[in-house]
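Descriptive analysis of the structure
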Amino acid sequence: MKSPLLALPGAVPAEGVDEGVAAHYGDIFREQRNLSQGTGFVDLSHRGVVTVTGEDRLVWLHLLLTQHVLELPPQQAVEALVLSAHGHVEHALYLVDDGTTTWVHVEPGTQGELVAYLERMKFLYRAEIADATAEYAVVHLPAGSPVSAEGAVAVRELPYGRDLFVPRAELAELTAGYGPAAGIWAYEALRIEDHRPRLGFETDHRTIPHEVDWLRTAVHLQKGCYRGQETVARVHNLGRPPRRLVFLHLDGTEESLPPHGTEVRLAADPDGRVLGFVTSSARHHELGPIALAIVKRNVPVDAVLLAGTVLGNQDVIVPQ
């Protein structure tokens, strides 16, 4: 869906998976600084929105998700995953329950597949699933924003801000009082800085939660069985994941950023074997060029890496 906020002055449309919202509004560093200082908002209306209603919704979701939601208090935001039978990540859900409805936002274009899966798993539980993307949109307010959430139908309170679910028909009107708009590029730069993984960027068909630090934020290790739980427990208790997420401080003398999928090698052996790949990259208003990458677990944590032709120093996210 094309956001009405693309009509704002200076808006440059994003491409790829983020198509439909603005990449930026003319000054990516100013937009990042605004968000870091608790000013403005980000249009995330391209993301999918799913709702679950019915008196069994939390009992039923608890059986399917990696997160403990059986007695989820109203207004408490959580992250959760849907895994394959082998423990690979299939969906990442960002949810909150308001006491009668569970509100979920997901990666753009993935809501149809998620709804289809949930429908197949409903059985006799009293739960109704709906793709509400056409009716509701997501807006992000940064931490420290003084903006009221009035007009939102649900709010996810987070350490780094608030995700608002708002009526799509009122998107332009509601955000008019939210301060300066920031594009998805600014939001992504701060996400990378915070080491927050994103489905389809930090993940591929082999990703297990341990590799990208989702074990800390989206998996409850003491809850009962769910699909893929055996892999989660086995790797957590008996071994270590085969790969790990790292943060890269990139060489600022290079003009271009290494895009998603760029091969990573040891800087000391530039013609050597591939050790991983870049998952996300951005230019940060304070840190300069930065990236996230997935590398093999046994890559030395102090090794300088080479992302394509760009040197990068590691910060450890997932322990070796």
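Sequence order as written defines the numbering, with residues in each chain counted from 1. The predicted origin of the model limits local features to residues at a pLDDT of at least 70 and limits the giving and counting of side-chain atom pairs to 80 or more, whereas totals for whole chains, interfaces and linings rest on all residues. Side-chain calculation: all heavy atoms of the structure are included, whereas hydrogens and water are not.

Brief notes about the nonpolar core
- Residues Leu81, Trp214 and Leu245 are the most contacted members of the largest nonpolar core, which totals 24 residues.
- With near-sequence residues (within four places) excluded, Trp214 lies in contact with Glu79, Leu81, Val89, Ala92, Tyr94, Pro197, Arg198, Leu199, Thr203, Pro209 and Val219.
- Residues belong to a common nonpolar core when they are buried Ala, Val, Leu, Ile, Met, Phe, Trp, Tyr or Cys residues joined through side-chain atoms within 4.5 Å. Relative accessibility under 20% of the residue-type maximum defines a buried residue, over 50% an exposed one, and the middle range a partly exposed one, all with a 1.4 Å probe and only protein chains included. Ranked by size, the runner-up nonpolar core spans 22 residues in total, among them Val52, Leu61, Leu72 and Tyr117. By the convention used here, residues are in contact when the closest approach between their heavy atoms is within 4.5 Å.

Focus on the pattern of salt bridges
- Within this document, salt bridges are pairs made up of a side-chain nitrogen of Lys or Arg and a carboxyl oxygen of Asp or Glu, the two lying within 4 Å of each other. Tallied over the full model, the rule gives 19 salt bridges.
- A salt bridge links Asp163 to Arg156; its shortest N-O distance comes to 3.0 Å. Taken as a pair, Asp163 and Arg156 share a single burial class, namely buried.
- Salt-bridge contacts for Asp194 lead to Arg196; the nearest nitrogen and oxygen are separated by 3.5 Å.
- Members of the salt-bridge network, linked through shared partners, are Asp18, Arg47, Glu107, Glu188, Arg191, Arg198 and Glu202.

A closer look at the side chain of Glu211
- Helical segments are the DSSP runs of H or I of at least four residues, strand segments are the runs of E of at least two, and each set is numbered from the N terminus. When you line up the elements, Glu211 lands in the loop between α5 (184–193) and α6 (214–217).
- The class for Glu211 is buried, based on a relative accessible area of 1%.
- Among all residues touching Glu211, those that are not within four sequence positions of it are Arg206, Pro241, Pro242, Arg243, Arg244, Leu245, Ile294 and Val318.

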